[in-house]
Amino acid sequence: TVCDDSWDMKDVAVVCQELGCWAAKHTPAGMLYSRVAEEAQPVFIQVALCHRTEEALAECEQIETFDCGHEEDAGAVCGVG
């Protein structure tokens with residue numbers, strides 16, 4: 001998962017593009033999704049600092065301090081077009 005610290009529409013835009021959806025619509029809190037990640041599942045990114053020029057979330061600059069639990073998982077809503 002990805003922590004919601006500093007999570008914004010630039011980050012969502014990169015995720016949506018990576019998934020082939022292209023249009024970033026919204027940044028809901030991950031807690032709104034019905035299935036919360038299991039505690040054993042790692043939080044891979046604490047803070048993503050995307051600029052919308054990246055092709056994948058992994059290419060965004062990152063801050064590597066891990067103090068984020070799954071109650072802070074980031075969300076993304078994408079649309080086609």
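Please refer to the structure higher up on the page.
What this report covers is the structure whose coordinates are included nearby. Note that this is a predicted model, so its numbers are computed, not measured. (Residues numbered from 1 in each chain as written. Predicted model: local features only at pLDDT ≥ 70, side-chain atom pairs only at ≥ 80, totals over all residues. Heavy atoms only, no water.)

## With respect to the side chain of Asp-11
Next up, step 1: Mapping Asp-11 onto the fold places it in helix 1 (residues 9-18).
Next up, step 2: Look at Asp-11: it is buried, it has no salt bridge, and the nearest opposite charge is Lys-10 at 8.2 Å.
Next up, step 3: Once you skip the residues sitting within four places of it in the chain, Asp-11 turns out to touch Ser-6, Ala-48, Leu-49, Cys-50 and Leu-57. (Helix = DSSP H or I, 4+ residues; strand = E, 2+ residues; numbered from the N terminus. Buried < 20%, exposed > 50% of the residue type's maximum accessible area, 1.4 Å probe, protein only. Lys, Arg positive; Asp, Glu negative; His and termini not counted. Salt bridge = Lys/Arg side-chain N within 4 Å of Asp/Glu carboxyl O. Contact = heavy atoms within 4.5 Å.)

## A short note on helix 1
Structurally, the α-helix is built with 3.6 residues per turn, so residues lying three or four positions apart point the same way.
Next up, step 1: Taken together, the buried positions of helix 1 are Asp-11, Val-12, Ala-13, Val-14, Val-15 and Cys-16.
Next up, step 2: The N-capping residue of helix 1, defined by a side-chain oxygen 3.1 Å from the backbone nitrogen of Lys-10, is Asp-8.
Next up, step 3: Following helix 1 by one or two positions, Gly-20 adopts a phi angle in the positive range, close to 85°. (Polar contact = N/O pair within 3.5 Å; in protein donor to acceptor, adjacent residues only side chain to side chain.)

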